[in-house]
Amino acid sequence: MPRNRRETFAQAMVNPQTARTQSTHQQSKRQEYSNELPKGISHKELQPMLNMAVGAAKMAGELIKAKLGADVVVSKMNGADLLTEVDGKCQDIIYNEISNKYPSHDFLGEESVDAGVEASTLAVENAADSEWLWICDPIDGTTNFASGMPLVGVIISLAYKGEVVMGVIYDPFHDEMYTAIKGGGAYMNGQRIGVAESQSVSESVLFTVAPVNPQSAPPLMRSITALNPPVSRAVRMLGTGALMLSWVAIGRASAFWEVDLHVWDSAAGVLLVREAGGRCTDLEGNEWGLTTRPLLATNGAIHDELLQKLQEVDCVNLEKRETETERETERDDQLIEPTTR
């Protein structure tokens, strides 16, 4: 299906309740993760695509290093969701490399999608039927970048018929290139990597975020309070999901969780963690897929224990919380609505 890849895939408004229902339905049908490639493609076919993505990420990384501390040009959703002119330039670099080599492939970039949950949800749902879909966040950690903090990631992933088969995350300031092809393992600068060996939450370093979406804050704050030492070894926030997922894959931490994450922030990192021996689900234990927004990524050994602890403090999928809140509001309205005779 031909599309203008430079524009948002979502051109029509979506009913939020419909989007949540569709996403929940898709999650309920997911099977457990398999590291086998989909039929019809091979590692030999994917390797040149990975090489191209690595080159594009390095090119974007050079610009990022040269422009650290760039001025903010706009706040996308609120004062905490920032955009600099470098974000768009880096996305252009990546898009141009992809479109020159693979002009028939589709492209979904963060800077081409309007801010907010509804727009990003609709964008990925509309793009999920693509045969080949490149997914990109040119600078993950824009607030860090604009503040002069050298903690950012360039994220490029590739999905084939709705299944993520390749991922690249590049940390330009430490020159760490994380790569994975489905079924081929996870690597950092060409060296095979694996998840941490911790067997319990109490001996684990955990990652999470300070959420941009205000609806994410209450469940995340409850979970952070519940998981702080001595329950865990430490809870850390780096301001970039890309690096936190990469560091789970390489074993620097044992888990990362977030109740509402865009696909361009999660797809490559999820593949890295899985290929490094870890596990990735939503916050109800359903295996992660392209339309999943909540994420728990762990070394596998602590997954069930951590999932239970999150559920005990009602840190659940944002979609479920919104649906339950709406039902409670409707029920309360019915109770107080005056009757007429």
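Use the structure listed above.
Note that the structure is a prediction, hence the values are computed from the model and not measured.

### Digging into the pairing of strand 6 (residues 163-171)
Then, number 1: With 8 of its 9 residues buried, strand 6 lies for the most part within the structure.
Then, number 2: As defined by bridge partners, strand 5 (residues 153-160) adjoins strand 6 across 7 bridges and the pair is classed as antiparallel. Residue pairing for strand 6: Ile156 is matched across the bridge by Val168.
Then, number 3: In sequence, strand 5 turns back onto strand 6 through a hairpin of 2 residues, with Lys161 there showing a positive phi of about 50 degrees.

### Side note on the environment of Lys161
Then, number 1: You can see Lys161 is positioned in the loop between strand 5 and strand 6.
Then, number 2: The spacing of Lys161 and Pro38 is 123 residues in sequence and 8.5 Å in space, taken between C-alpha atoms.
Then, number 3: Excluding residues that lie within four positions of it along the chain, Lys161 makes contacts with Ala128, Ser130 and Glu131.

### Details of the pairing of strand 7 (residues 176-181)
Then, number 1: Counted residue by residue, strand 7 has 6 buried out of 6 residues, so it is predominantly covered.
Then, number 2: Residues Glu176, Tyr178 and Ala180 line one face of strand 7 and the alternating positions Met177, Thr179 and Ile181 line the opposite face, and both faces are buried.
Then, number 3: Of the strand pairs in this sheet, strand 6 and strand 7 are connected by 6 bridges, and their pairing is antiparallel. Residue pairing across strands places Met166 opposite Ile181, the latter belonging to strand 7.
Then, number 4: As consecutive antiparallel partners, strand 6 and strand 7 are separated by 4 residues, and within that stretch Asp175 has a phi angle of approximately 50 degrees, a positive value.
Then, number 5: In textbook terms, the turn of a hairpin is the stretch between consecutive antiparallel strands, and for strand 7 and strand 8 (residues 186-188) this stretch comprises 4 residues, one of which, Gly183, has a positive phi near 85 degrees.

### Some details on the sheet that holds strand 9 (residues 191-192)
Then, number 1: If you trace the 7 strands from one edge of the open sheet to the other, you get 3-4-5-6-7-8-9, paired in mixed fashion. The open sheet has two edge strands with one neighbour each: strand 3 (106-109) and strand 9.
Then, number 2: Strand contacts of helix 8 (residues 263-275): strand 3, strand 4 (132-140), strand 5, strand 6, strand 7, strand 8 and strand 9, with the helix running at about 100 degrees to strand 6, the strand carrying the most contacts.

What counts as what
- Residues numbered from 1 in each chain as written.
- Predicted model: local features only at pLDDT ≥ 70, side-chain atom pairs only at ≥ 80, totals over all residues.
- Heavy atoms only, no water.
- Buried < 20%, exposed > 50% of the residue type's maximum accessible area, 1.4 Å probe, protein only.
- Helix = DSSP H or I, 4+ residues; strand = E, 2+ residues; numbered from the N terminus.
- Pairing = 2+ DSSP bridges.
- Contact = heavy atoms within 4.5 Å.
- Axes fitted to C-alpha atoms, helices over the stretch in contact; angles between N-to-C directions.

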